[in-house]
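# Remarks on the overall topology
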Amino acid sequence: MPSLLSADFANLQAAMESVPSADALHVDVMDNHFVPNLTLGLPVVESLRRATPMMLDVHLMISDPDRWAPAYAEAGAESVTFHVEAAAAPVRLAREIRGQGARASLALKPATPIEPYADLLGELDMVLIMTVEPGFGGQKFLDLCLPKIRRTRALLDQVGGDVWLQIDGGVSAETIERCAAAGVDSFVAGSSVFGADDPDAMVSELRNLALRTGQ
Ligand code: DX5
Ligand code: ZN
């Protein structure tokens, strides 16, 4: 799914329309506190909701998700991801998000291990493993995340159900295959999609590469 972070913020409508093949639009909310960058917030997500029928996958990189995340679900985002490093009560928060009818997703920064959260996986619809330090688009993919991706895939297989495994950061035609082979089934790509001459063709290319390699 394309990340609007790499799109033209003055023309998000055109950006959304440039990727009609995408499975969802990834929306990065940054608060200049949890990460050193500032992007957009609830009013913009509400406007995006009115502007498109596409699935909105909101990635909250904010300090107090316990307070703010449910409002994004209420605003109509189909998926709301919060960072475990920032959440005070992740189980309660996941339940609140689901209670608003959205998918609840837990994100981990590159240095955060999955094992302490193994017992929470049944409360979730998705786990997001960051493959760069959150905050900026266009960073280099961190290969050191691959073992954690494999361990997370194994834990999710034990839990059963249909919990998606997403990665975000440095996803491109160069890196997507090794992630698909490691068990990832949801891919966020910002600069590789919106930096391409034909963003929609890049969405299809990335999907085809992932499907060819994935399990
Ligand atoms: C970074 C964001 C990503 C970002 C990825 O903190 O969460 O969604 O847009 O950008 P690329 O794909 O350029 O690494
Ligand atoms: Zn993101």
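Presented here is an overview of the structure given in this document. Because the structure is a prediction, the values reported are computed rather than measured. (Residues numbered from 1 in each chain as written. Chains lettered and ligands numbered in written order. Predicted model: local features only at pLDDT ≥ 70, side-chain atom pairs only at ≥ 80, totals over all residues. Heavy atoms only, no water.)

### Re the coordination of the zinc ion (ligand 2)
Looking at the zinc ion (ligand 2), one finds its protein donor set to be His 26 (NE2), Asp 28 (OD), His 59 (ND1) and Asp 168 (OD), positioned 2.0 to 2.3 Å from the metal centre. Given a relative accessible area of 0%, His 26 falls into the buried group. In this structure His 59 comes out as buried when scored by relative accessible area, which is 0%. (Donors = N, O, S within 2.8 Å, 3.2 Å for Na, K, Ca; no water. Buried < 20%, exposed > 50% of the residue type's maximum accessible area, 1.4 Å probe, protein only.)

### Quick look at the sheet that holds strand β5 (residues 126-130)
Read from one edge of the open sheet, 7 strands run β1-β2-β3-β4-β5-β6-β7, paired in parallel fashion. Among the strands making up the open sheet, the edge pair consists of β1 (25-30) and β7 (186-188). Each strand of the sheet is rotated relative to its neighbour by a mean of 20 degrees, with strand direction disregarded. As defined by bridge partners, β5 adjoins strand β6 (residues 164-168) across 5 bridges and the pair is classed as parallel. Across the sheet, Leu 128 pairs through a bridge with Gln 166, a residue of β6. On top of the sheet, helix α3 (residues 65-74) reaches β1, β2 (56-61) and β3 (79-83); it is set at about 170 degrees to β3, its chief contact. (Pairing = 2+ DSSP bridges. Helix = DSSP H or I, 4+ residues; strand = E, 2+ residues; numbered from the N terminus. Axes fitted to C-alpha atoms, helices over the stretch in contact; angles between N-to-C directions. Contact = heavy atoms within 4.5 Å.)

### Remarks on the packing of aromatic side chains
The description of two aromatic rings rests on the distance between their centres and on the angle between their planes. Evaluated as defined, the whole model comprises 0 aromatic pairs. Positioned above the aromatic ring of Trp 164, the side-chain terminus of Arg 103 is 3.5 Å from the ring centre. Against the face of Phe 34 rests Lys 109, its NZ or CZ located 5.1 Å from the ring centre. (Phe/Tyr/Trp six-rings, centres within 6.5 Å; stacked < 30°, edge-to-face > 60°. Lys NZ or Arg CZ within 6 Å of the ring centre and 35° of its normal.)

### A closer look at the state of the cysteines
Here the structure, examined in full by the defined rule, presents 0 disulfides. With no disulfide of its own, Cys 145 has Cys 179 as its nearest cysteine by sulfur position, at a separation of 8.8 Å. Since its relative accessible area comes to 1%, Cys 145 is described here as buried. (Disulfide = S-S within 2.5 Å.)

### Regarding the environment of Met 1
Along the chain, Met 1 turns up in the segment before α1 (12-17). Residue class for Met 1 comes out buried when judged on its relative accessible area of 16%. As for Met 1 and Ser 21, which are separated by 20 residues in sequence, their C-alpha atoms are 9.2 Å apart.

### Details of helix α8 (residues 199-213)
Compared with an ideal rise of 1.5 Å per residue, which puts 15 residues at 21 Å, α8 spans 21 Å between its outermost C-alpha atoms and is within 8% of the ideal. Buried within α8 are the following residues: Pro 199, Asp 200, Met 202, Val 203, Leu 206, Leu 209 and Ala 210. The backbone nitrogen of Asp 200 lies 3.2 Å from a side-chain oxygen of the residue at the head of α8, namely Asp 198. (Expected span 1.5 Å × (residues − 1). Polar contact = N/O pair within 3.5 Å; in protein donor to acceptor, adjacent residues only side chain to side chain.)

### Concerning the pairing of β2
Extensive coverage of β2 is indicated by the burial of 6 of its 6 residues. Residues Leu 56, Val 58 and Leu 60 of β2 are buried on one face, and the alternating residues Asp 57, His 59 and Met 61, pointing to the opposite face, are buried as well. Bridge count for β1 against β2 is 6 bridges, and the pairing is parallel. Paired with Leu 25 across the two strands is Leu 56, which belongs to β2. A crossover connection joins β1 to the parallel β2 through helix α2 (residues 42-51); in handedness this β-α-β unit is right-handed. As paired strands, β2 and β3 are joined by 3 bridges and run parallel to one another. (Right-handed = clockwise from strand over helix to strand, strands pointing away.)

### Remarks on the pattern of salt bridges
Pairs can form between side chains of opposite charge once their charged atoms are near each other. For the coordinates displayed, the defined rule picks out 9 salt bridges. Note that Arg 98 is salt-bridged to Asp 125, the shortest N-O span being 3.0 Å. Residue Arg 98 is located in helix α4 (residues 90-99), and its partner Asp 125 is located in the loop between β4 (103-108) and β5; the two are separated by 27 residues in the primary sequence. Judged by its relative accessible area of 31%, Arg 98 falls in the partly exposed class. When its relative accessible area of 15% is taken as the criterion, Asp 125 is described as buried. Because the salt bridges share partners, they merge into one network encompassing Arg 153, Asp 157 and Asp 185. (Salt bridge = Lys/Arg side-chain N within 4 Å of Asp/Glu carboxyl O.)

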